[in-house]
Structure formats: C-alpha cells, structure tokens
Amino acid sequence: MKLKAKRSDLIEVAKGNRPADLFIKNGTVINVYSGEFLKQNVAVYKDCIAYVGGSDRAIGEHTTVIDATGKYLSPGFIEAHSHPWIVYNPVSMTSKILPLGTTTTVNDNLFFHLHMGANGFKRLVKDLEQLPGNFFWLARLVSQAEYQGENELFNDNEVKELLALDAVLGSAEITRWPLLYNGDPYLLEIIDYIKKLGKVVDGHTAGCSYDKLNAVVASGVSACHEAITLKEAFDRLRLGMWTTLRNSSLRPDLQELIPLITEGNVSTSRIIMTTDGPNPAFIEKEGFVDGLVRQAVELGVPVMNAIQMVTINAATYLKQDDYIGGLAPGRKADILLLPDLVSFRPEMVIANGEIIAEDGKLTINMPEIDWNQYVNREPFGFSKSVLENADLYRYPHQGGNVPAIYFKSNVITERKDIFLTSVNGYADLSGDNGLLQAALFDRNGKWITRGILERFAVNLDGMASTYNTTSELLVIGKNPEAMAKAAARVHDLGGGIVIVDGSEIILEIPLQLAGMMTTDPSFSTAVMYYDQLLSIVQERGFPFHDILYTLLFLTCDFLPGLRLVPKGLYDVKQNEILYRNESLTLNSVK
C-alpha cells in the first residue's frame, strides 16, 4: 500500500520534533489490538498516524486540533466483500458510505471486467485511486454463468495481470464452487499463483455440505460469506476459513448467525462481517458496515468484538493489517469520532488523514468519472428492429407439459412441469395469470434462450432488463407486444430496466454502465430507481422483497432450480440443459 508520509517524518512527529498536521485530543481510543478502551491523543501526519498516547508535544502552530472529549476514536470500518454495481456505481456508493464510517471497501470486479476487458479495467482501477478512503478490488477468475467465449475473456495471462495489481487484494468469490470440488486445473493453478503473491482467495460455498467443504477448503479458498445457518457458520470456522457473517438486503442472516459468538463462545479472531452488496434502499434505511456493528451489539456481541470484526479482523484477513484496521503509529489515518457505542454513526470521518465527512455529510468533492472511456464493447451488436418482432417472445410449443421455472423464494427456483395448450405453434398462457414468458437475448445477437416463469409476477405485461448476472437482455411478461416494446426501449437506452403496461412505458431506468449501474453520481438516484422498480413489480404480483437479486440470479448457473442461462434452459441440480439456446438470427426472421 502506498503511503504519502515518509516513515522518517513519522518518527520525528512521534518524538515531538515535527508538528502533526492533525491532532485529536482527549478521546477514548478503541484499541482493537489489546481490546482496551484508552483515554489517549492521536497525532496525524499527512495520511498516517504518527503517535498514540498521552503527550501533546506534536501540536504545532499550524496543527489542526480536534477536541474529542466524550468521544470514542475507532478505526475506519472495512467492508471486505463489496459489490459496487447494485444500480449504484463505485462513486455514488462511496459517497454514501464514507459519512457512515466505512473508509475501506474491497470490491468485486465482475461486470467491469465483462464490459471493459482487462485493459479497460486496469485504467479504471488507476482512475478510482482518486476516491477518498481506500478502494480495493478482488478479481474474478470465472464468470457467474458459463458462456461461449468465457475462457477468452478470463484468460490466464490477463487474469494474472489483474491479480498482480497493488489495488487487487486477491480473487473474488468463485460462485461455481463445484469447479473447485472437482479440481478444475485452471482454477487450482491460478490459486497457487495467488498464494505466491501473498493475496486472498475469496469463496462462495452456498449449499456445500461439510464433507464437500473439506475439498473446497483444500483447493485454497480463504473465506466464505455464504453460511445461512449456525451449523454452516461453525463448519466454515472449524475448517479454518475466515468466516464472514452476512446481513444483506437479500439475506439478513445476522440474527441467525450471531449465536456463533454469543452462545458458541468461539474465538472471534477469524470472524468478519459483510453487507454483501445490499440494494440501495437497504443502505438508505439500515446503513452499511455501521449497521452491521449496530445490530451485532444489539444482539449481544461485546462492542470491542463487534468493532474488531469490521476493522482489525478484516484487515488481517486481507493481509493489510500493517496499514489499516487499527489506530497505531504507521497505520493509515482512517479514524471515526463516535459520539456513543450504540448508534455507531460517526460525527466525523477522517480518511487518509483528511476530514472527509462531518455529521453524516461529505465535506469534500467526489471525482467525476467518464465511465464510457473504459468500455470496450457496444451495448448491442444488432439492430433494434430485431427486438420489435413480438413472436420472439412467444414460447414455441406444440401442446403438452412444459418445464416451468417456479420461484420458491426471492432467488431459489425449482422445476414445475405444467400442461399448456398450443395456439399457432406457441404456448397459450391466456388461461393462467401466474405464468409469464421469459427470453434471454445475447447482446451480440447470436442466440436466445426461452422459458416459462411461475410466481414471478401476475399482471406484468412486459419487462426488459440488462440487470442480471449475464448482463445480457432478459425480457419477461405475458404480452409479447409489450415485451417487444420494453426490449426495444432498453436497446435505445444502451442498457437498463423498462416496464411496459399495455402499450405505455411506465418505468424507465437507464443503466448504461455495463447494463447494471446508473452513471449518476448521486446515491439518491439509485434509491429512487430501486423504490420505483420494487413498487411497480409488487403491484403486479411480485411476492418477494428484493427484485434486483431475483433478476440477478435468474440467469446464474450455481443456485438450485431451473435457470435461463446463455447455453439454454438449465436444471442446476441435474446439471442438464433441458432446451438449448437457439439462433437469434433464425428466430428474428420467422
């Protein structure tokens, strides 16, 4: 990690021979190393802490002095597993969470890699160094849904180049964990490379049994955030994994998992916490890492342990504890002034030695980023007129049973065979309000995958979205003409979400950045878009609480049930393609 302060200068400030730039006096330091609360002063020089103790010798004529009497001084919070693409973008997310005390985020690069390639992503990493706080990355080794050309984009040489970047702390979660269980040669070789770099290998082992988990851990995976039961949390901890307790908009699991600490009495030294990419409205209501600490303490975790889990524990896992995670000489000056140990909402946030937020509001300007300069592919590789053919959205059928995608929950599906009649060679859904047609289009115009959905919504005429784990064009509805209009409008936007009622567009969310993110720097815009989207789909029968994750995971190939994936209609449990994708060109001229 690059530091502005020279260590020789820090030594002189610590001795009192050179004045500090910033001096915080009379505060109570939360010492995450010793587990003590100590009445001490903190001297800051440039971007680093130079001194922690009782002396005030570092105060000079031009030193900014902050009286922290009655306040607690905490290390900045660390989110070690962030997804900065949940409609918001890296800039808008950072602008929201910095005033809440999260000074370090470690971010998944999936959609940036998919749409920028390795070279575009490297330029983005460089430019985002302008962001206040610490903005790190984890690099994907594979995508979240296998597709033709995946090996070319995630090729060995370019992935290794990304992993070698200083801002990349390791590899991002490998959602397709059976590849690890089966000893995939490419992944094992690259994990060895990561280990030689001294970096981390993040994991994703949802649904993995204890015995299978042994094999995945043996592959070299460092951590997992997918425990949803107390037993699963114990399993991961006992097998030597950094065990990440999650509380997100999709999976608010902390209450279920906290007994690991409060009743299990385990050591918390290898436990961290994550929000795991919450939707914008969740952050607006619950906060970010501050919300994790707040809820953990409410559930009975001692304050010191709760703060350690999002500071020094996270920094140690990331192999960055020489720089972040605690208040000590030589560490980055990422400091929170907390008014109490109940709300954990800082009155002041200092990042890299600079006061960047007070009373919940930024005191600095965020950088302006031209996102288009990094993207190396066109939003669509074919004419909008192709999408205006309503027959594309009808499900070809000659009568009989159809394997439908039945939603058991927000993201878990199962196969449900349904008898459907046929009209003019297509499935007739007119007699069942609970069934919708769905189509996934390759944005380069090569293929289309079709399916039937049940319990997604009831009265949804047409919806089109590039917001899904493939970032291809997903179209859902009961009215083919409305579906066509929604799809064509998303084409016009260059990515986004559009909903059509009858012939009227009633919602339009432009997501030009990778088809997943708004380019608007305001976080409130992302909140507004999410609230509008959820309200409209719930009014039309969507029965769950997080529409973004339903869309995201409908097109993945690692969660149970039937999925619409680039290769076709896929039964994950049986590892079987029920119906292969078809040529989009052939379909478009019918």
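Keep in mind that this is a model prediction, so the values were computed, not measured.

(A) Focus on the overall build of the protein chain. Broken down by element type, the protein chain carries 20 helices and 31 strands. Taking 590 residues into account, the globule formula puts the C-alpha radius of gyration at 25 Å, and the protein chain, at 25 Å, falls close to it. Each principal axis of the C-alpha atoms in the protein chain carries an extent, and together these give about 85 × 50 × 45 Å. Residue burial in the protein chain is summarised as follows: out of 590 residues, 61% are buried. Taking as baseline every contact in the protein chain between residues at least 6 positions apart, the subset at least 24 positions apart corresponds to 68%. When the accessible surface of the protein chain is split by element, carbon and sulfur atoms take 46% of a total near 21,800 Å². The protein chain carries 54 positive and 70 negative side-chain charges, and their two centres are separated by 3 Å.

(B) Just empty space enclosed by the protein, in detail. Overall, the coordinates contain 5 cavities of 30 Å³ or more when judged by the stated rule. Within this model, the largest cavity holds a volume of roughly 50 Å³. Around the largest cavity, the lining residues are Thr94, Ile97, Leu98, Thr102, Thr103, Thr104, Thr105, Pro132, Gly133, Asn134 and Phe135. Among the secondary structure elements, those contributing two or more residues to the lining of the largest cavity are α2 (90-97), β7 (102-108) and β8 (134-139). For the lining of the largest cavity, the leading source of residues is β7, giving 4 residues.

(C) Local environment of the sheet that holds strand β28 (residues 562-565). Across the sheet, 3 strands lie side by side as β28-β29-β30; this open sheet has antiparallel pairing. Looking at which strands have only one partner, the edges of the open sheet turn out to be β28 and β30 (576-580). Across the sheet, the mean angle separating the axes of adjacent strands is 25° when strand polarity is ignored. Across 4 bridges, β28 lies against strand β29 (residues 568-571) in antiparallel orientation. Considered in β29, the bridge of Leu564 is made with Leu569.

(D) Molecular detail of the confidence of the model for the protein chain. The pLDDT averaged across the protein chain works out to 96; a share of 99% of its residues lies at or above 70. Strand β5 (residues 72-75) holds the highest mean pLDDT among the elements of the protein chain, 99, whereas helix α20 (residues 584-588) holds the lowest, 61.

(E) A look at the layout of surface pockets. Put simply, the largest pocket is a space of about 1,200 Å³. Mapped onto the lining of the largest pocket, the elements with two or more residues apiece are α6 (178-181), α19 (547-554) and β30. Within the lining of the largest pocket, the residues separate by chemical class into 20 nonpolar, 13 polar and 13 charged. Volume-wise, the second largest pocket comes out at about 900 Å³. Taken together, 39 residues make up the lining of the second largest pocket; nearest its centre are Lys2, Glu129, Gly133, Asn134 and Lys332. Listing elements by their share of the lining of the second largest pocket, those giving two or more residues are α3 (110-127), β8, β9 (168-174) and β16 (354-358). Of the residues contributing to the lining of the second largest pocket, the split by class is 19 nonpolar, 8 polar and 12 charged.

(F) Geometry of unusual backbone geometry. Backbone geometry places Asp276, a non-glycine residue, at a positive phi of 50°. Not every positive phi belongs to a glycine, and Ser471 is a case in point at roughly 60°.

(G) Highlighting the packing of aromatic side chains. Throughout the structure, instances matching the rule amount to 14 aromatic pairs. Where Trp85 meets Phe111, the ring centres are 4.7 Å apart and the plane angle is 80°; that geometry is what we call edge-to-face. With Trp85 in the loop between β6 (77-82) and α2 and Phe111 in helix α3, this pair connects stretches of sequence that are 26 residues apart. Take Trp85: its relative accessible area is 1%, and that puts it in the buried class. Taking the relative accessible area as the measure of exposure, Phe111 reaches 0% and is therefore buried. A centroid spacing of 5.3 Å and a plane angle of 80° characterise the contact between Phe112 and Trp137, whose relative ring orientation is edge-to-face.

(H) Fine view of the pairing of strand β19 (residues 413-420). Where strand β18 (residues 400-407) and β19 come together, 8 bridges link them in antiparallel fashion. Pairing of Gly400 across the sheet is with Leu420, part of β19. Between the end of β18 and the start of β19, which pair antiparallel, lie 5 residues.

(I) Geometry of the sheet that holds strand β12 (residues 242-246). Strand order in the open sheet formed by 8 strands is β6-β7-β8-β9-β10-β11-β12-β13, with parallel pairing between adjacent strands. Among the strands making up the open sheet, the edge pair consists of β6 and β13 (271-274). Along the sheet, helix α5 (residues 156-163) contacts β8 and β9; its crossing angle with β9, the most-contacted strand, is approximately 125°. Contacts between helix α13 (residues 289-298) and the sheet are confined to β6, β7 and β13, with β6 contributing the most and set at about 105° to the helix.

Calculation rules
Residues numbered from 1 in each chain as written. Predicted model: local features only at pLDDT ≥ 70, side-chain atom pairs only at ≥ 80, totals over all residues. Heavy atoms only, no water. Helix = DSSP H or I, 4+ residues; strand = E, 2+ residues; numbered from the N terminus. Rg over C-alpha atoms; globule rule 2.2 N^0.38 Å. Buried < 20%, exposed > 50% of the residue type's maximum accessible area, 1.4 Å probe, protein only. Contact = heavy atoms within 4.5 Å. Areas by Shrake-Rupley, 256 points an atom, 1.4 Å probe, with all protein chains shown as cover. Lys, Arg positive; Asp, Glu negative; His and termini not counted. Charge placed at Lys NZ, Arg CZ, Asp CG, Glu CD. 1 Å grid on protein atoms, 1.4 Å probe; cavity = no way out; pocket = protein on both sides within 12 Å on 5 of 7 lines; lining within 4 Å. Points joined across faces, edges and corners; volume = space filled by probe spheres on them. Pairing = 2+ DSSP bridges. Axes fitted to C-alpha atoms, helices over the stretch in contact; angles between N-to-C directions. pLDDT = per-residue confidence, 0-100. Nonpolar A, V, L, I, M, F, W, Y, C, P; charged D, E, K, R; others polar. Phe/Tyr/Trp six-rings, centres within 6.5 Å; stacked < 30°, edge-to-face > 60°.

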